[in-house]
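Per-entry structural report
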Amino acid sequence: MAKKRKEEIGKGLKAIFSSMDNDVADDKKAVVGKKLSSTVAKIPLTSIEVNPFQPRKDFDQESLDTLAESIETHGLIQPITVRKLDNKKYQLISGERRLRASKMAGLKEIPAYIRTANDQEMLEMALVENIHRDDLNAIEISITYQRLMDECDLTQEGLSKRIGKNRSTITNYLRLLKLPPEIQVGIKNKDLSMGHARALLGAPDLGLQLSLYKDIIANQLSVRRVEELIRQFQKADKKEAPAASKLSKDYRKVQDNLSSYLGTKVALKVGKKGNGQITINFANDEDLNRILDLLED
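Residues numbered from 1 in each chain as written. Predicted model: local features only at pLDDT ≥ 70, side-chain atom pairs only at ≥ 80, totals over all residues. Heavy atoms only, no water.

**A closer look at the overall build of the protein**
- Of the regular secondary structure elements, the protein holds 14 helices and seven strands.
- Counting the 297 residues in the protein, one finds 35% classified as buried.
- Taking the intrachain contacts of the protein between residues at least 6 apart in sequence as the baseline, contacts between residues at least 24 apart amount to 64%.
- For the protein, the accessible area works out to roughly 18800 Å², and carbon and sulfur atoms hold 50% of it. (Helix = DSSP H or I, 4+ residues; strand = E, 2+ residues; numbered from the N terminus. Buried < 20%, exposed > 50% of the residue type's maximum accessible area, 1.4 Å probe, protein only. Contact = heavy atoms within 4.5 Å. Areas by Shrake-Rupley, 256 points an atom, 1.4 Å probe, with all protein chains shown as cover.)

**Examining the side chain of Lys214**
- In this structure, Lys214 sits in helix H10 (residues 206-219).
- For Lys214, a relative accessible area of 14% translates into the label buried.
- For Lys214, the side chain forms a polar contact with the side chain of Glu182, separated by 2.5 Å.
- What Lys214 contacts, discounting residues up to four positions off in sequence, is Glu182, Gly263, Asp287 and Arg290. (Polar contact = N/O pair within 3.5 Å; in protein donor to acceptor, adjacent residues only side chain to side chain.)

**Focus: the packing of aromatic side chains**
- Scanning all chains against the criterion turns up one aromatic pair.
- Judged by centre distance (5.7 Å) and plane angle (85°), the ring pair of Tyr145 and Tyr173 falls under edge-to-face. Taken as a pair, Tyr145 in helix H5 (residues 138-151) and Tyr173 in helix H7 (residues 167-175) lie far apart in primary sequence, 28 residues in all. The same class applies to Tyr145 and to Tyr173, which are both buried. (Phe/Tyr/Trp six-rings, centres within 6.5 Å; stacked < 30°, edge-to-face > 60°.)

**Examining the environment of Asn172**
- Relative to the assigned elements, Asn172 resides in helix H7.
- The spatial distance from the C-alpha of Asn172 to the C-alpha of Ser142 is 8.7 Å, given a sequence separation of 30 residues.
- In this structure, Asn172 is in contact with Met194 and Arg198, ignoring residues within four places of it in sequence.

**Overview of the pairing of strand E3 (residues 80-84)**
- Counting buried residues in E3 gives four out of five residues, a clear majority hidden from the surface.
- Both E3 and strand E5 (residues 109-115) contribute to a ladder of four bridges, which runs parallel. Residue Val82 lies in a different strand from E5, and its bridge partner there is Ile114.
- Note: E3 against strand E4 (residues 90-94), four bridges, orientation antiparallel. For Thr81, the partnering residue across the bridge sits in E4 and is Ser94.
- Hairpin connection, E3 to E4: the antiparallel pair is bridged by five residues, and Asn87 has positive phi, about 55°. (Pairing = 2+ DSSP bridges.)

**A short note on the pattern of salt bridges**
- Within this structure, the stated rule accounts for five salt bridges.
- Of the charged contacts in the structure, one is a salt bridge between Glu96 and Arg100, with a shortest N-O distance of 2.9 Å. Residue Glu96 and its partner Arg100 are located together in helix H3 (residues 96-104), separated by four residues, close to a single helical turn.
- A relative accessible area of 7% places Glu96 in the buried class.
- For Arg225, the salt bridge is made with Glu228, and the minimal N-O distance between the two is 3.1 Å. In this pair, Arg225 and Glu228 are both assigned in helix H11 (residues 223-239), three residues apart and thus about one turn of the helix distant.
- For Glu228, a relative accessible area of 32% gives the class partly exposed. (Salt bridge = Lys/Arg side-chain N within 4 Å of Asp/Glu carboxyl O.)

**Some remarks on the nonpolar core**
- Membership of the largest hydrophobic core comes to 37 residues, with the highest contact counts inside it found for Tyr145, Leu176, Ile187 and Leu200.
- For Leu176, the contacting residues outside a window of four places in its chain are Ala138, Ile139, Ser142, Gln184, Ile187, Met194, Ala197 and Leu201. (Core = buried A, V, L, I, M, F, W, Y, C linked by side-chain atoms within 4.5 Å.)

These results come straight from atomic positions and should not be treated as a statement about function.
Below, the structure is given as structure tokens:
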């Protein structure tokens, strides 16, 4: 009995020491990880793979040329961030613009923070860093917010806390993604201001949004003027509400498809016997010719 008891104690001590060794190993890993993420290392450019989760796809060539000249003269001031892979390879977490410019400047090595991250953490870090850039357009910010919510399982409230932005700000950006693609391209190309875009969101239908967008571009309408036009259309829609309510779901779909294809407001009215009329809005002669070309095609 005494011998058995002694063996049990021995096993218990081994388990305790083994646990202590594991704790020490974990602490060492944590210290190493913290050290790697706070110190800068020089890494060969040939050892760095591009981040497949990079949320940004468009890089301005002129801006890259300017950065490359600066790096050639002064070196890279802000290190990139990478994670270590196997076989002395690294994967970019953030800083693709700096990486590209460094290659253009002819650098062989680049300063980098080395972090440990799984794919999910890597994506989140890349996205969070991306939205704090000064040169992002409103649509890029909107897409990044949506990706963070979708791919990192965040609510608007959770995203607000994660990135330090007001929830109302996040909501306003996300609403831009409800605008037609043509208008989103206009925002991305900075043909349309954030104020104009928010005003267009108040338009009652897609057709009116597109019609007003073309009017803004053609006639340089102010945000206040756009808001005024939308109020006028809303009042007119209220007067025509009884007729509009007669449109079935199928007819409304036809109306929306026509509006989307023609890029302007289209009103479909259908009588009790199946007869009716289609009204197509145009902003000016140029817009009319554009619509006619589409109809001829």
